[in-house]
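Letter by letter, the chains look like this.
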Amino acid sequence: MKNTAFLLLTSLILFSCKQATKEKVIDKSGKNIDSIQIEKNKIDSIKKHQTFNDSIDSLDQDLKVFVPKGYSVISIESGDLNLDEYTDAILVLRKTSEESTSNYAENKPDKRPMLLLIGQRDGTYKLAYQNNNAVYCIDCGGLFGDPFTGITIKNGYFSIEHGVSGGHHWENVTTFKYNKPKNNWFLYKDHYINYKFNDSADENAEALVVDYEKLKTVKDFGEISFEKFNIYNDKGY
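Predicted model, so just to flag it, every value in this text is computed and none were measured. (Residues numbered from 1 in each chain as written. Predicted model: local features only at pLDDT ≥ 70, side-chain atom pairs only at ≥ 80, totals over all residues. Heavy atoms only, no water.)

**With respect to the nonpolar core**
Part 1 of the argument: Core analysis: the largest hydrophobic core is formed by 28 residues, its most contacted members being Met 114, Phe 158 and Trp 185.
Part 2 of the argument: Looking at this core, the elements that each hand over two or more residues are β2 (88-95), β3 (114-119), β5 (148-154), β6 (157-164), β7 (169-179) and β8 (184-197).
Part 3 of the argument: Apart from residues no more than four positions distant in its own chain, Met 114 is found in contact with Ile 90, Leu 91, Val 92, Tyr 129, Gln 130, Asn 131, Ala 134, Val 135, Ile 151, Phe 158, Ile 160 and Phe 226.
Part 4 of the argument: Ranked by size, the runner-up nonpolar core spans 9 residues in total, among them Leu 59, Phe 66, Ala 89 and Leu 115. (Core = buried A, V, L, I, M, F, W, Y, C linked by side-chain atoms within 4.5 Å. Buried < 20%, exposed > 50% of the residue type's maximum accessible area, 1.4 Å probe, protein only. Helix = DSSP H or I, 4+ residues; strand = E, 2+ residues; numbered from the N terminus. Contact = heavy atoms within 4.5 Å.)

Next comes the structure, spelled out in structure tokens:
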């Protein structure tokens, strides 16, 4: 009987020691393993913002040098930005954590840098301007997802395109024009269109029709250079 009691007591002591040891296990970072699991669960439970712009992994070395650590490229367009004989490029970057960290609702968007790169004689590029406020953030479209849809370049002009499709439909194209004497790009026009569902009984009618349209030009906003443009501000700067 005494031996049985002794063995039972010994087992309880060993079990308690193992539990205490388990609770105090620390990983190399100095954090309790249980705490790490809790943090991981919190991260996994964060609702990620929807995006239609995947990161572009295959980049020429001449372009990679312009992408800082912690960022990736979601848009690359080539064309003639400054009306010379060399091919230029525009990069739109994203913070690699933006799907989880951008918070436009609390005025804390993860900004997306937009770079104007001018082609050089030797095939490399030179940064002309960078603007962190020219492209909307990943959650700027609210429930309708990422509003950024692309960039276009044509003969000294370039456009930034946004839009959403869902319960609410709109598109916004912002265009800049190159000014050779000033060697800079200035806001040329801003075109916004809001759509609504077509209530026509005609089966062949378009599903959406224009509900509201606004085209602003230099007469409306004056001279705004690319580096000073701010899409988050209604005035544009």
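Next comes the rest of the write-up.
**Some points on the pairing of strand β4 (residues 125-131)**
Part 1 of the argument: Two elements, β3 and β4, share 6 bridges in a ladder whose sense is antiparallel. What sits directly across from Leu 117, in β4, is Leu 127.
Part 2 of the argument: Adjacent in sequence and paired antiparallel, β3 and β4 are bridged by 5 residues, among which Gly 123 carries a positive phi angle near 90 degrees. (Pairing = 2+ DSSP bridges.)

**Description of the state of the cysteines**
Part 1 of the argument: This structure, assessed with the given rule, holds 1 disulfide.
Part 2 of the argument: Residue pairing for Cys 137: its cysteine sulfur links by disulfide to Cys 140, the two sulfurs lying 2.2 Å apart. Classification of the bridge connecting Cys 137 and Cys 140 rests on its S-S torsion, roughly 110 degrees, and on that basis the disulfide is right-handed. (Disulfide = S-S within 2.5 Å.)

**Overview of unusual backbone geometry**
Part 1 of the argument: One non-glycine residue with positive phi stands out, namely Leu 83, at about 55 degrees.
Part 2 of the argument: Positive phi values are uncommon outside glycine, yet Asn 183 reaches one of about 50 degrees.
Part 3 of the argument: If you trace the backbone, Asn 183 turns up in the loop between β7 and β8.

**Topic: the sheet that holds β5**
Part 1 of the argument: A sheet is described by the order of its strands in space; here 5 strands give the open sequence β5-β6-β7-β8-β9, paired in antiparallel fashion. Strand pairing shows two members of the sheet lacking a second neighbour, β5 and β9 (208-217), which therefore form its edges. Along the sheet, successive strands turn relative to each other by an average axial angle of 15 degrees, direction set aside.
Part 2 of the argument: Here 11 bridges tie β7 to β8, and the two strands are oriented antiparallel to one another. The residue bridging Val 173 from the neighbouring strand is His 191, located in β8. (Axes fitted to C-alpha atoms, helices over the stretch in contact; angles between N-to-C directions.)

**A look at the confidence of the model for the protein chain**
Part 1 of the argument: Within the protein chain, residue pLDDT values average 83, and 81% of them lie at 70 or more.
Part 2 of the argument: Low pLDDT, under 50, characterises residues 1-33; the stretch is placed with 9 contacts to residues that sit more than four places away or in other chains.
Part 3 of the argument: Confidence drops under pLDDT 50 across residues 35-45; counting only partners more than four residues distant or on other chains, this segment forms 3 contacts. (pLDDT = per-residue confidence, 0-100.)

**A closer look at the pattern of salt bridges**
Part 1 of the argument: One pass over the full model with this rule turns up 4 salt bridges.
Part 2 of the argument: The residue Arg 112 makes a salt bridge to Asp 146 at a minimum N-O spacing of 2.7 Å. One end of the pair, Arg 112, is in the loop between α4 (98-101) and β3; the other, Asp 146, is in the loop between β4 and β5, with 34 residues separating them in the sequence.
Part 3 of the argument: Given a relative accessible area of 0%, Arg 112 falls into the buried group.
Part 4 of the argument: A cluster of three or more residues bridged by salt bridges with shared partners is formed by Arg 94, Glu 98, Arg 112 and Asp 146. (Salt bridge = Lys/Arg side-chain N within 4 Å of Asp/Glu carboxyl O.)

**Points about the packing of aromatic side chains**
Where two aromatic rings form a pair, the distance of their centres and the angle of their planes describe that pair.
Part 1 of the argument: Tallied over the full model, the rule gives 11 aromatic pairs.
Part 2 of the argument: Summarising the aromatic geometry, the rings of Tyr 129 and Trp 185 are spaced 6.3 Å apart at their centres and angled 85 degrees between planes, so their arrangement reads as edge-to-face. Here Tyr 129 is found in strand β4, whereas its partner Trp 185 is found in strand β8, with 56 residues between them in sequence.
Part 3 of the argument: Trp 185 sits in the buried class, given a relative accessible area of 1%. (Phe/Tyr/Trp six-rings, centres within 6.5 Å; stacked < 30°, edge-to-face > 60°.)

**Topic: the environment of Thr 51**
Part 1 of the argument: Here Thr 51 shows up in the loop between α2 (33-45) and α3 (61-64).
Part 2 of the argument: Owing to a relative accessible area of 16%, Thr 51 belongs among the buried residues under this scheme.
Part 3 of the argument: The residues touching Thr 51, leaving out its near neighbours within four places in the chain, are Glu 99, Arg 112, Ile 138 and Asp 146.
Part 4 of the argument: Only 3.1 Å separates the side chain of Thr 51 from the backbone nitrogen of Asn 53, close enough to count as a polar contact.
Part 5 of the argument: Reaching out from Thr 51, the side chain makes a polar contact with the side chain of Asp 146 at a distance of 2.9 Å. (Polar contact = N/O pair within 3.5 Å; in protein donor to acceptor, adjacent residues only side chain to side chain.)

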